[in-house]
Protein chains: 2
Amino acid sequence: MNERLFGFVGGDSGAWEVTQMRAVKGAPLPEVKTIAILNGFSIQGHHAHWVLRGVTSNERYVTKEEKSRLIATQEGLGRTESTLAALIPIRKNASWWLLTQEERREILEERSHHIQIGMAYLPAIARRLYHCRDIGTPEPFDFLTWFEFSPSDASQFDDLVAQLRTTHEWSYIDHEIDIRLARKNG
Amino acid sequence: MNERLFGFVGGDSGAWEVTQMRAVKGAPLPEVKTIAILNGFSIQGHHAHWVLRGVTSNERYVTKEEKSRLIATQEGLGRTESTLAALIPIRKNASWWLLTQEERREILEERSHHIQIGMAYLPAIARRLYHCRDIGTPEPFDFLTWFEFSPSDASQFDDLVAQLRTTHEWSYIDHEIDIRLARKNG
C-alpha cells in the first residue's frame, strides 16, 4: 500500500471515543462509538461501520514564507496533553474544482485567510490534512482534517472552526461533518 | 470505483500496439505487446504484465488566461486521424515535492515554459494527464501522460518531448519511460 494512505475507521473498538457527531452541511454519517486511525491499512478484522480514506501529500497553497512560519510554530500530533481531537471531513463543490490554482489560492487565503486563521491557533491546535479526492476509491469527501488539542484549548478550537465557517471559501463546501473525540484512557 | 480512475494495462490484447519502449531515465518497464486503457476499472480477466493507474484531476498550474487559450486551441482524444500515441510515465524526486506551489509553478512555467511548449503543438498533439501520486495503491510513477497524434505529426511530437527534456523542470525527474503506440487497425 501507499505508505501515505490512512483510514479512519468508524466502529466500536478504536483508540478515540466519539463524544459528538453532527452534520454541519449535507447528509450525516452513521453514528459510531469510536474511531481508529490505521496507516497503509487493511480493514480486515475491524468491525467497521464506515471507513474514510485519505493520503498525506505535498503542500498545495502555502507560500514559502507561510511554510517557514508554520514549521517554526506548529507542533506534531500525539502530544500527551492532547487528549481531545476532532475529525472534520469536507467536500467542495464542482465550481471549486473548476477554478484555477491561482483563483483557489485567492479565495482560500487572500479573501478567506484560511492559513492565517489556522496559524493564529498554533501551537495549541495541532492538525494534519488528508486528501481523498484523487485516490482510486470513491470517497464521499475531498479532505479529512484531524485536529488534536488539550481540554483547556477546546474553546479555542470551537472559535477556529466557527471563524472558518464564516469565510467565502466555506461557501464552496457542500458536505461537512464535525466529529469530536476523546482519547480512551486519555 | 472513482470514475476518474484509469488503468493502463500492459499485456497482449489491448487496443494499442506498442511499437517502441525505452527507459529515458531509471529502470525500464517489462516489455509488452499492447496497452489497453480501462476506466473505473478492474483488471480481472485481463492478462496483464503490468498496470499503471492514475486519475484525471483539477488543474494544478495553469493561469486563467492559459486555461482559456488551452480550451480554445486543444482537441480531444479519439480523433479518427490520431492513429499514433505515446504513453510517458514520469516520477519527480523528493526535492520537487518539498517545494511550495509557487516554487513549482516558477520552475514549471516561468523557467521551463512547460505549458507554453505544449501549447505550441496544439491542436496537432492531443494530451491527457493522469495523476498517480495520491492514489491509494503504491504506484511507481507520479504522472502518466497520454498523447495522440497523426503519423504526419509524429516528428512534431519528437520535437515536443525533446524540448521538454532539456528544461530545468526535467532535472527533477528521476524515472521516465517513453512508450510509443499505434492503434490496431488504425
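Residues numbered from 1 in each chain as written. Chains lettered and ligands numbered in written order. Predicted model: local features only at pLDDT ≥ 70, side-chain atom pairs only at ≥ 80, totals over all residues. Heavy atoms only, no water.

As annotated in an unreviewed UniProt entry, chain A is Chlorite dismutase family protein from Herminiimonas aquatilis.

S.K.: What should I look at first to understand the environment of A:Arg111 in this one?
M.R.: Residue and element names in this part refer to chain A. Looking at the element boundaries, Arg111 is found in helix α3 (residues 101–111). Under the relative-accessibility criterion, Arg111 is labelled exposed at 52%. As a C-alpha pair, Arg111 and Pro89 span 22 residues in sequence and 22 Å in three-dimensional space. With near-sequence residues (within four places) excluded, Arg111 lies in contact with Glu106 and His168. (Helix = DSSP H or I, 4+ residues; strand = E, 2+ residues; numbered from the N terminus. Buried < 20%, exposed > 50% of the residue type's maximum accessible area, 1.4 Å probe, protein only. Contact = heavy atoms within 4.5 Å.)

S.K.: I would appreciate a short explanation of the interface of chain B and chain A in the present structure.
M.R.: For interface size, the figure often reported is the accessible area lost on association. Taken together, the contact pairs 27 residues of chain B with 27 residues of chain A. Note on chain B versus chain A: buried area summed over both sides is about 2400 Å², and carbon and sulfur give 41% of it. The interface formed by chain B and chain A contains 6 salt bridges. The partner of A:Lys64 in a salt bridge is B:Glu103, and the shortest N-O contact between them spans 3.0 Å. The interface formed by chain B and chain A holds 21 residue pairs in polar contact (both at pLDDT 80 or more) in total. (Buried area = accessible area lost by both parts, 1.4 Å probe. Salt bridge = Lys/Arg side-chain N within 4 Å of Asp/Glu carboxyl O. Polar contact = N/O pair within 3.5 Å; in protein donor to acceptor, adjacent residues only side chain to side chain.)

S.K.: Explanation requested: the packing of aromatic side chains in the structure shown.
M.R.: Geometry of an aromatic ring pair is reported as the spacing of the ring centres plus the angle between the planes. Within this structure, the stated rule accounts for 16 aromatic pairs over all chains. Summarising the aromatic geometry, the rings of B:Phe149 and B:Phe157 are spaced 4.7 Å apart at their centres and angled 15° between planes, so their arrangement reads as stacked. Note on B:Phe149: relative accessible area 3%, which makes it buried. Grouping aromatic residues by their ring pairs yields a cluster made of A:Phe6, A:Phe8, A:Trp16, A:Tyr130 and A:Trp146. Residue placement shows B:Arg128 over the ring face of B:Phe6; its charged tip is 6.0 Å from the ring centre. (Phe/Tyr/Trp six-rings, centres within 6.5 Å; stacked < 30°, edge-to-face > 60°. Lys NZ or Arg CZ within 6 Å of the ring centre and 35° of its normal.)

S.K.: Any chance you could explain the relation of the copies chain B and chain A here in plain terms?
M.R.: In this structure, two copies of a chain are linked by a rotation about an axis accompanied by a shift along it. Rotating chain B by 180° about the axis while translating it 0.0 Å along that axis superimposes it on chain A, leaving an RMSD of 0.0 Å. On this basis, the relationship between the two copies can be described by a two-fold rotation axis. Within chain B, the C-alpha atom positioned nearest to the axis of rotation is that of B:Ile135, 1.9 Å from it. A high fraction, 100%, of the interface residues of chain B reappear at the interface in chain A, so the copies pair face to face through one surface. (Least-squares fit on C-alpha atoms with pLDDT ≥ 70 in both.)

S.K.: Quick question: what am I supposed to make of unusual backbone geometry here?
M.R.: With glycine set apart, most residues show a phi of negative sign, and most peptide bonds adopt trans. Residue and element names in this part refer to chain A. With an omega of -5°, the peptide bond between Leu122 and Pro123 qualifies as cis. Of note, the phi angle at His113 is positive, near 55°, even though the residue is not glycine. Residue classification places His113 among the partly exposed residues on the basis of a relative accessible area of 33%.

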